[in-house]
Amino acid sequence: MKIPIQINENSAEPLYHQIENQLRSLIITGQLGEGTHLPSIREFAGALNCSVITVRRVYQDLENEGLLRTKQGTGTFVAQVEAGERENYRLKAAEEAMQAAVQSGKAVGCTEEEMEVLFREALRVNYSK
């Protein structure tokens, strides 16, 4: 199974974080449904051209969050995520992304007003499509 993960090697975001965030998003949005069998750690690492350690960390983190489950001898699967939990994950992911954006803006000296203008513009551009 090909999982649509896009890696940006020029990003300051660590590789495991890029993979983990995208895989979490695929699960939360239901694009990877409950029971979906994921590639083995080696297969996925090969497909993404990254280390086995990176994929192992992603799988372990998402398993700890309750989004994946591993069965010895059969592999790793998408766990059942209740609708309420799915909503919590969805909102938490959006909140974390906004927090990171605010921190980035503060780090480069943006004012609160500038950040509000940028946020409104981002909303307009992304929701007018």
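Residues numbered from 1 in each chain as written. Predicted model: local features only at pLDDT ≥ 70, side-chain atom pairs only at ≥ 80, totals over all residues. Heavy atoms only, no water.

On to the packing of aromatic side chains. Here the structure, examined in full by the defined rule, presents one aromatic pair. Here the guanidinium or amino end of R57 rests over the ring plane of Y16, the centre of that ring lying 3.5 Å away. (Phe/Tyr/Trp six-rings, centres within 6.5 Å; stacked < 30°, edge-to-face > 60°. Lys NZ or Arg CZ within 6 Å of the ring centre and 35° of its normal.)

Of all hydrophobic cores here, the largest spans 22 residues; its most connected members are L23 and F44. Of all the secondary-structure elements, those providing two or more residues to this core are α1 (15-28), α2 (41-48) and α3 (52-64). Broken down by element, the residue count for this core peaks at five residues, all from α1. Apart from residues no more than four positions distant in its own chain, F44 is found in contact with I3, I5, I19, L23, P39, V55 and Y59. (Core = buried A, V, L, I, M, F, W, Y, C linked by side-chain atoms within 4.5 Å. Buried < 20%, exposed > 50% of the residue type's maximum accessible area, 1.4 Å probe, protein only. Helix = DSSP H or I, 4+ residues; strand = E, 2+ residues; numbered from the N terminus. Contact = heavy atoms within 4.5 Å.)

What follows covers the pattern of salt bridges. Tallied over the full model, the rule gives six salt bridges. Put simply, R120 and E116 hold a salt bridge, and the shortest N to O gap is 3.5 Å. Here R120 and its partner E116 are both found in helix α5 (residues 112-127), four residues apart, which amounts to about one turn of the helix. Taking the relative accessible area as the measure of exposure, E116 reaches 35% and is therefore partly exposed. One salt-bridge network, in which partners are shared between bridges, spans E20, R24 and E65. (Salt bridge = Lys/Arg side-chain N within 4 Å of Asp/Glu carboxyl O.)

Below, the discussion takes up α1. Under the 1.5 Å per step criterion, the end-to-end length of α1 is 20 Å for 14 residues, consistent within 8% with the ideal 20 Å. Among all positions in α1, only Q18, I19, E20, L23, R24, L26, I27 and I28 are buried. As for α1, its buried residues are in contact with α2, α3, β1 (68-71), β2 (75-78) and α4 (83-107). G30 sits one or two residues past α1 and shows a positive phi near 85 degrees. (Expected span 1.5 Å × (residues − 1).)

Two elements in contact, α1 and α3, have axes separated by 9 Å at closest approach and are oriented at 45 degrees. Here α1 is positioned oblique relative to α3, judged by the angle of their axes. As for how α1 packs across α3, the hand of that crossing is right-handed. Counted together, L15, Y16, I19, E20, L23 and R24 of α1 and T54, R57, V58, Y59, D61 and L62 of α3 form the full contact between these two elements. Split into classes, the residues belonging to the contact of α1 with α3 amount to seven nonpolar, one polar and four charged. (Axes fitted to C-alpha atoms, helices over the stretch in contact; angles between N-to-C directions. Parallel < 35°, antiparallel > 145°, perpendicular 65-115°, else oblique. Left-handed = near helix turned anticlockwise from the far one by under 90°. Nonpolar A, V, L, I, M, F, W, Y, C, P; charged D, E, K, R; others polar.)

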